Amino acid sequence: MTTERLPLRRPREGRWVAGVCTGLALHLGFPVAGVRAMAVLLGAAGGAGVLLYGFWWLTIPPGDPRDAAAEARPAALSRLAPRLRGVQQSAARRNVLIALGLLLGAAVLVAVRTGVALSGGWVLPAVIAVVGVGLAWSQLDTQRRPGARRADGRSPSAVLLVSAGLVLVLVGALLFAGQEAGAGTMVRAAMAAVAVLAGVAVVLAPWWWRLVRELGDERTARAREAERADIAAHLHDSVLQTLALVRLHADDAVYVARAARSQERELREWLYADRPAEGTSVAAELRRVVAQVEDTQVERTADGAQPATIETVVVGDAVPDEQSAALLQAVREALVNACAHGVPPVSVYLEVGEESVQAFVRDRGDGFDVREIEPDRFGVRESILGRVRRRGGTAEVVSRPQWGTEVRLSMPRAAALKEDA
Amino acid sequence: MTTEQVRVVVVDDHLMFRAGVRASLDGRIDVVGEAEDVGSAIAAIREHRPDVVLLDVHLPGGRGGGGAEVARECADLTPGTRFLALSVSDAADDVVAVIRAGARGYVTKAITGADLSDAVVRVAQGDAAFSPRLAGFVLDAFGTAPADVAERDDELDRLSAREQEVMRLIARGYAYREVAGELFISVKTVETHVSAVLRKLQLSSRHELTRWAAQRKLL
């Protein structure tokens, strides 16, 4: 990586105008200041620098050279997390453009004062054409900028600006070419020009189309490869490790079952679930609670003690708040109780409604008489029922012989409470 | 039906799993055939004409449609042959695809042998087999708010109040018998409600249920 030369790109970070000098400096390994000074010198010497700069602006694709270097390598080998970004300088560019415009204006004024014959005949068409070209080319630059494009790489405003630029260039060229001609000739000439252009476009369209499609294909292929590498890395980290642990502890049935269950849960999450962002989903929080209980509790089955397996069903979802957090703590206590005292299967059902969140925890034990809970038994009375009731929710325990026990909890949502107040 | 065994074809691409299923099913069920991909499944089903097909959702072969493709190809055999989907996946899209292709139920592979046998017998009798997870998914797709309750019985896009109650209890882990006890109705009535929900899930014009459910999850 250090010995290899970075590819030629126009980076977004640290650019003054279009990033040509910065990109060249990174590519050649020269200091940026030197390259810039060279460009200015060349520019002053008969405008060669300006022409060269314009040429490179058009031909060098924008992007971070380090990213491009990483992309060129197979995805499986490169790092998956994106790199940290440097400082972005965008204000300077506009200033430089304005300065260039003012300089041009001043040069024209000076030329007029010193007596260079500027016949108005070609100045106006030239200005119109230059503005048109600038308009269209500015879009070329933004279009290729990553992040600013839509899926198909075009936005309506970009298309509008490019067509406006085209029209301006056409008008400029017509004005230039047809200075002496009358209106009729102008119109005919314009029609002929448009017809020729249309013909060329029709001939070239298939090639252009194929180019665009191949580009898109390549892009998706790269994305897929990155995704695959991501998954491979994950499988390596978790599944292989679990398998190794299982082999090491082959004689410890509870440990093996627990490791397998925990791995299954994680893999399932990876394969079949949209993983929501941290702290945005009550459903995800419940799954975490269930995972904790499954990892620590043992349930009594006919075959002896087994790690707990909890059937979890969630309907709806919401952003967690204090109300739902308290409810989930109560659910956690109820699950621990169900595993410790009940008989599997233990199941939990959570329904997020508009007004309230409801949770049901069920086991198939012999049940117990709720009234017989000793006042000093803190578990059920305080940590489950009290916790929910204190926050304005309802809580009850239903227990029947040969049927099991169900803890039914309902908690008003924070948003619903605020509306009442 | 009580004396006769239910004839079953097991379709799954893993030999180990087919053997496991065969061993875990009880005496009410007779496994008459096995198949491991879409093509062989269709052939085996046409050959044996079983009462119930235990169908894995993800199958190799065919046109890539998996279990749903098998169910669709053999749709002309119903009601003689019914399908019960059996999968490790609990993704909403997989569930909907195979149910809409005509499966009469959906259970996950973690199910115990006794429960699986119950589900097979239930499907053979023409009822629907709903696991708690499938019930939860139905509630998620059709909605649980008061505005989501159907006003007429023939509405396909919404569940009736009673159907919602039944689904909720199944999602809470209640067996059909327990649902019946809780709502003071007969088991047969519970089965009728579940079949009605299955029909809505299959026919509802609430198209792209999955995308809709996915959106709800993003709330």
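Note that this is a predicted model, so its numbers are computed, not measured.

1. Considering the packing of helix α7 (residues 161-171) of chain B against helix α9 (residues 187-203) of chain B
The description of two packed helices rests on the angle between their axes and on the distance between the axes. Residue and element names in this part refer to chain B. Between α7 and α9, whose axes approach to 10 Å, the crossing angle comes to 100°. Put simply, α7 runs roughly perpendicular to α9. Together, Arg162, Glu163, Val166 and Met167 of α7 and Val190, His193, Val194, Ala196 and Val197 of α9 make up the contact between the two elements. For the contact of α7 with α9, a count of residues per class yields six nonpolar, one polar and two charged.

2. Considerations on unusual backbone geometry
Here the amide bond leading from Pro344 of chain A into Pro345 of chain A is cis, since omega sits at 5°, within 30 degrees of zero. Mapped onto the elements of the fold, Pro345 of chain A is located in the loop between α11 (322-341) and β4 (346-352). A positive phi is found at Gln402 of chain A, a non-glycine position, where the angle reads about 60°. Mapped onto the elements of the fold, Gln402 of chain A is located in the loop between β6 (394-400) and β7 (404-412). According to the C-beta neighbour criterion, Gln402 of chain A is exposed, with 8 such atoms within 10 Å. One non-glycine residue, Phe184 of chain B, adopts positive backbone phi at about 55°. Mapped onto the fold, Phe184 of chain B is located in the loop between α8 (176-183) and α9.

3. Considerations on the sheet that holds strand β1 (residues 6-11) of chain B
All names here are of chain B. With parallel pairing, six strands are arranged side by side in an open sheet as β2-β1-β3-β4-β5-β6. Every interior strand has two partners, whereas the edge strands, β2 (29-35) and β6 (129-130), have only one. When β1 meets β2, the two strands line up parallel, connected through six bridges. Bridge pairing in β2 places Val8 opposite Val31.

4. Some points on the sheet that holds strand β5 (residues 356-363) of chain A
One open sheet holds the five strands; their spatial order is β3-β4-β5-β7-β6 (chain A), and the pairing between them is mixed. Edge positions in the sheet fall to β3 (310-315) and β6 of chain A, since each of these pairs with one other strand and no more. The mean angle between the axes of side-by-side strands here comes to 10°, regardless of whether they run parallel or antiparallel. Contacts from α11 of chain A reach β3, β4, β5 and β7 of chain A within the one sheet, and its direction differs from that of β7 of chain A by about 175°. Here helix α6 (residues 132-142) of chain B sits on the sheet and contacts β3 and β4 of chain A; the angle it forms with β3 of chain A, its principal contact strand, is near 10°.

5. Let's talk about the pairing of β5 of chain A
All names here are of chain A. Counted residue by residue, β5 has eight buried out of eight residues, so it is predominantly covered. Residues of β5 alternate between two faces, with Ser356, Gln358, Phe360 and Arg362 on one and Val357, Ala359, Val361 and Asp363 on the opposite face, all of them buried. Two strands pair when backbone bridges link them, and β4 and β5 are joined in this way by six bridges, in the antiparallel orientation. Its bridge partner lying in β5, Val352 is registered against Val357. What sits between β4 and β5 in their antiparallel hairpin is a turn of three residues. Alignment of β5 against β7, held across eight bridges, turns out to be antiparallel. Bridge assignment links Gln358 to a residue of β7, and that residue is Ser410.

6. Structural notes on the environment of Ala124 of chain B
On the secondary structure map, Ala124 of chain B appears in helix α5 (residues 113-124). Considering only alpha carbons, one finds Ala124 of chain B and Gly80 of chain B, 44 residues apart in sequence, at a separation of 8.8 Å.

7. A short note on the interface of chain B and chain A
If you look at the interface, chain B gives 17 residues, while chain A gives 17 residues. Counting only elements with at least two residues in the side of chain B that touches chain A, the list comes to α6 and α10 (209-217) of chain B. Across the side of chain B that touches chain A, the residue classes break down as seven nonpolar, four polar and six charged.

8. Considering the packing of α8 of chain B against α9 of chain B
All names here are of chain B. Viewed as axis vectors pointing N to C, α8 and α9 meet at an angle of 105°, and their least axial separation amounts to 8 Å. When the interaxial angle is binned, α8 and α9 end up roughly perpendicular. Where α8 approaches α9, its residues Tyr176, Arg177, Val179 and Ala180 are matched on the opposing element by Val187, Val190 and Glu191. Of the residues that constitute the contact of α8 with α9, the class distribution is five nonpolar, no polar and two charged.

Calculation notes
- Residues numbered from 1 in each chain as written.
- Chains lettered and ligands numbered in written order.
- Predicted model: local features only at pLDDT ≥ 70, side-chain atom pairs only at ≥ 80, totals over all residues.
- Axes fitted to C-alpha atoms, helices over the stretch in contact; angles between N-to-C directions.
- Helix = DSSP H or I, 4+ residues; strand = E, 2+ residues; numbered from the N terminus.
- Parallel < 35°, antiparallel > 145°, perpendicular 65-115°, else oblique.
- Contact = placed C-beta atoms within 7 Å.
- Nonpolar A, V, L, I, M, F, W, Y, C, P; charged D, E, K, R; others polar.
- Buried ≥ 20, exposed ≤ 12 C-beta atoms within 10 Å, placed from the backbone.
- Pairing = 2+ DSSP bridges.

By themselves, these figures tell us nothing about what the structure is for.
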